[in-house]
Amino acid sequence: MTDETRPADGRTPSDLAEPQGRPDFLPAHDGWESARTEQLGWDRDEQLPPAQPYGTGWGDPSGRSAANDTAMFGATDQGPPPPTQAVGMGHGWGPPPTPADGGFAPARRGPSTGVLVALAVVIALLASLMGSVGTYLLTRQSSGTDPSYSLDPAPSGNTSRAPDTIAGVASRVLPSVVSLEVEGSADAGTGSGFLIKGGYVVTNNHVVALAAQGGAIKIVFNNRKSTNARIVGRDPGSDLAVVKPDQTFGTPEIKLGNSDQVVVGDPVIAIGSPLGLTGTVTTGIVSSLNRPVVAGEDNDPDPAYISAIQTDAAINPGNSGGPLVNTRGEVVGVNSAIATLSRAVSSQSGSIGLGFAIPINQARRVAQEIVTTGSAKRVKIGIMVDSGYRGEGVRIASQPAQGRQPVEADGPAGKAGLKAGDIILEIDGLRIQDSTELISLIRSKDPNSKISIKYKRGGEERMASLVVTAEKEPTPKPS
């Protein structure tokens, strides 16, 4: 009897006893195949046993053979189908993945070595940056403001100084020093000066020369009061001049010293108006004495010959005409010129520590002559020098020139026995180097003063004494 004709009553598949060994279904993961073979006792590499027909526990309830049963699965190599009510074994259960190529999915891999190295570098940089930021935040200073901060008050004291200090000397001398503003027809300039007895002002000739032909002079005192002034007289040969201000406003006169008592190394103070800066005080020492200086323009037919006091006190344009004083506040020189790096002497260059002042003994005599006569006398000994001679000392010319004899017969040198061709070696014990030094020394002397001369004639050294005289013709007067 077939299943189709079997009566409904009687034994049915549900009446059969339950199979004794229901297979277990494991979760679907990479170990599913091995777990399944282990559960069933198979080796993956072994030949699976052929599928058996339904038998004990899984056979046909009718007991017929599987070969003749139309309900049997047609493929004998397949196992029995899972129960229709099978459930999963837990979380993640499912069939294994089936890639398109029919193989198993490759295992998931971690980041490569390059990625790890790059990540390590980034982490290191971030750590360094954070460390630097942290260090800055911990060590940075605040803005520095402190509302409670205060400095100690200025110490108490006074501005009085001892009379023999530089400050003490300057306080006494400054009121007598003036500044000159000079205007010419086409140019202008400034200079310095100092007030002497009678309300006169001594200054340099080159300071006021611009106003000699119809210009104007204004004098500014230390108290900043000003007034006009006029030229009393000037001496281009000594680069000295005297002017008279209309008013003095009670300004005290300065004290004149003795330049013959100055020695090298003495401290000195220069006062004036360099570059128009009135009341400027600089200090230094006497660097040398009897320094021959020729002051004036290159084409000046009558330059000034000065046997100057050399000082390293700063003297600049505008200082000209101001006083050079000692530590007693006495004027020992009139600041007149400076040396430049080109070895030329000019009043229009900056100081390099080589300043020159006219000795006050010469300035005293010239100023007095200008005030009393309107002109100054020029001292001479009555000789002509040989400008082409380059040997020791200064040689007197051998031939007449410009209508003059080498030695004036009635002049001081002629009366003392000097002749043409003689070589002058010393003046008052000072060795003479050239004609500039000889002329500067002679002009620094007072008229009728006595000097001694050592000279050479025919290889023999001789001595002579003479009295200097003044030229008969007066020096130029102011217009």
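One numbering rule holds for all chains: residues counted from 1, following each sequence as written. At least 70 in pLDDT is required for a residue's local features to be given in this predicted model, at least 80 for side-chain atom pairs to be given and counted, and no such filter applies to totals for whole chains, interfaces and linings, which use all residues. Excluded from the side-chain calculations are hydrogens and water; all other atoms, namely the structure's heavy atoms, are used.

Visitor: So what's going on with a nonpolar patch on the surface? Which residues, and what values?
Guide: A cluster of nonpolar side chains, contributed by L129, V133, Y136 and L137, occupies part of the molecular surface with about 390 Å² of accessible area. Inspection of the secondary structure puts L137 in helix α2 (residues 113–139). Here, patches come from residues exposed beyond 30% relative accessible area and free of salt bridges, joined within 9 Å for like charges and within 5 Å for nonpolar side chains (Val, Leu, Ile, Met, Phe, Trp, Tyr). The method behind every accessible area is Shrake-Rupley, applied with a 1.4 Å probe, and residues are considered shielded solely by the protein chains displayed. Definition used for salt bridges: Asp or Glu carboxyl oxygen within 4 Å of a side-chain nitrogen of Lys or Arg. In this description a helix means any DSSP run of H or I spanning at least four residues, a strand means any run of E spanning at least two, and both kinds are numbered starting from the N terminus.

Visitor: Before we move on, could you go through the packing of aromatic side chains and cite the residues and values that matter?
Guide: Only Phe, Tyr and Trp rings are paired, with Trp represented by its six-membered ring, and only when their centres lie within 6.5 Å; those with planes under 30 degrees apart are stacked, over 60 edge-to-face, the remainder tilted. This structure, assessed with the given rule, holds one aromatic pair. Taken together, a centroid distance of 5.5 Å and an interplanar angle of 80° make the contact between F221 and F249 edge-to-face. Pair noted here: F221 is in the loop between β4 (216–220) and β5 (226–235) and F249 is in the loop between β6 (240–245) and β7 (255–256), with a separation of 28 residues, a long-range link. Note on exposure labels: buried denotes an accessible area under 20% of the residue type's maximum, exposed denotes more than 50%, and partly exposed covers the range between, all computed with a 1.4 Å probe on protein chains only. Residue classification places F249 among the partly exposed positions, given a relative accessible area of 30%. Put simply, a charge is over a ring when the Lys NZ or the Arg CZ is close to the ring centre, within 6 Å, and near the line of the ring normal, within 35 degrees. The residue whose ring lies beneath K244 is Y200, and the NZ or CZ to ring-centre distance is 4.4 Å.

Visitor: So, the environment of A313: which residues are in play, and what are the values?
Guide: Mapping A313 onto the fold places it in the loop between β10 (304–311) and β11 (323–325). For A313, a relative accessible area of 0% gives the class buried. Here the alpha-carbon distance between A313 and I352, two residues 39 residues apart in the chain, equals 9.5 Å. By definition in these notes, contact holds between two residues if any of their heavy atoms fall within 4.5 Å. Those residues within four positions of A313 in sequence are excluded, and the remaining contacts are A270, T282, T283 and G284.

Visitor: I'd like a description of the sheet that holds β6, backed by residues and values.
Guide: Strand pairing is assigned whenever DSSP identifies at least 2 bridges connecting the two strands. Taken in spatial order, the six strands line up as β1-β2-β3-β6-β5-β4 and close into a barrel, and their pairing is antiparallel. Sheet twist, expressed as the mean angle between neighbouring strand axes with direction ignored, is 40°. Here three bridges tie strand β3 (residues 200–203) to β6, and the two strands are oriented antiparallel to one another. By the bridge assignment, V201 is partnered in β6 with V243. Sheet contacts for helix α5 (residues 360–373): β2 (188–196), β3, β5 and β6; angle to β6, the most-contacted strand, approximately 55°. Orientation is described by axes fitted as lines to C-alpha atoms, over the contacting stretch for helices, and by angles from 0 to 180 degrees between their N-to-C directions.

Visitor: Report on the pattern of salt bridges, specifying residues and quantitative values.
Guide: Here the idea is simple: oppositely charged side chains can pair when their charged atoms come close. Applying the stated criterion across every chain, the model contains 15 salt bridges. Measuring nitrogen to oxygen at the nearest pair gives 3.6 Å for the salt bridge that ties K255 to E330. Within this pair, whereas K255 is found in strand β7, its partner E330 is found in strand β12 (residues 330–339), the two being separated by 75 residues in sequence. You can call E330 buried: its relative accessible area is 11%. The partner of R365 in a salt bridge is E369, with the nearest N and O atoms 3.5 Å apart. Of this pair, R365 and E369 both sit in helix α5, separated by four residues, roughly a single helical turn. With respect to class, R365 is no different from E369; both count as buried. By sharing partners, the salt bridges in this structure join E392, E426, R431, K454 and K456 into a single network.

Visitor: Can you tell me about unusual backbone geometry, naming the residues and giving the values?
Guide: Across residues other than glycine, the phi torsion is negative in most instances, and most of the peptide bonds are trans. Within the chain, D239 stands out as a residue other than glycine whose phi angle is a positive 60°. One can find D239 in the loop between β5 and β6. Residue D239 is classed as buried on the basis of its relative accessible area, which comes to 5%. With a phi close to 55°, N290 is a non-glycine residue in the positive phi region. When you line up the elements, N290 lands in strand β9 (residues 280–295).

Visitor: Can you explain the nonpolar core? Please cite residues and give values.
Guide: We define a nonpolar core as any set of buried Ala, Val, Leu, Ile, Met, Phe, Trp, Tyr and Cys residues linked to one another through side-chain atoms lying within 4.5 Å. Membership of the largest hydrophobic core comes to 32 residues, with the highest contact counts inside it found for V173, F194, I306 and V334. In terms of residue count, α5 provides more of this core than any other element does, five residues in total. With residues up to four places along the chain from it excluded, the contact list for V173 reads I254, I271, V325 and G329. Counting residues in hydrophobic clusters, the runner-up holds 20 residues, among them L441, I451, Y455 and V468.

Limitation: the analysis is restricted to geometry and does not speak to function.
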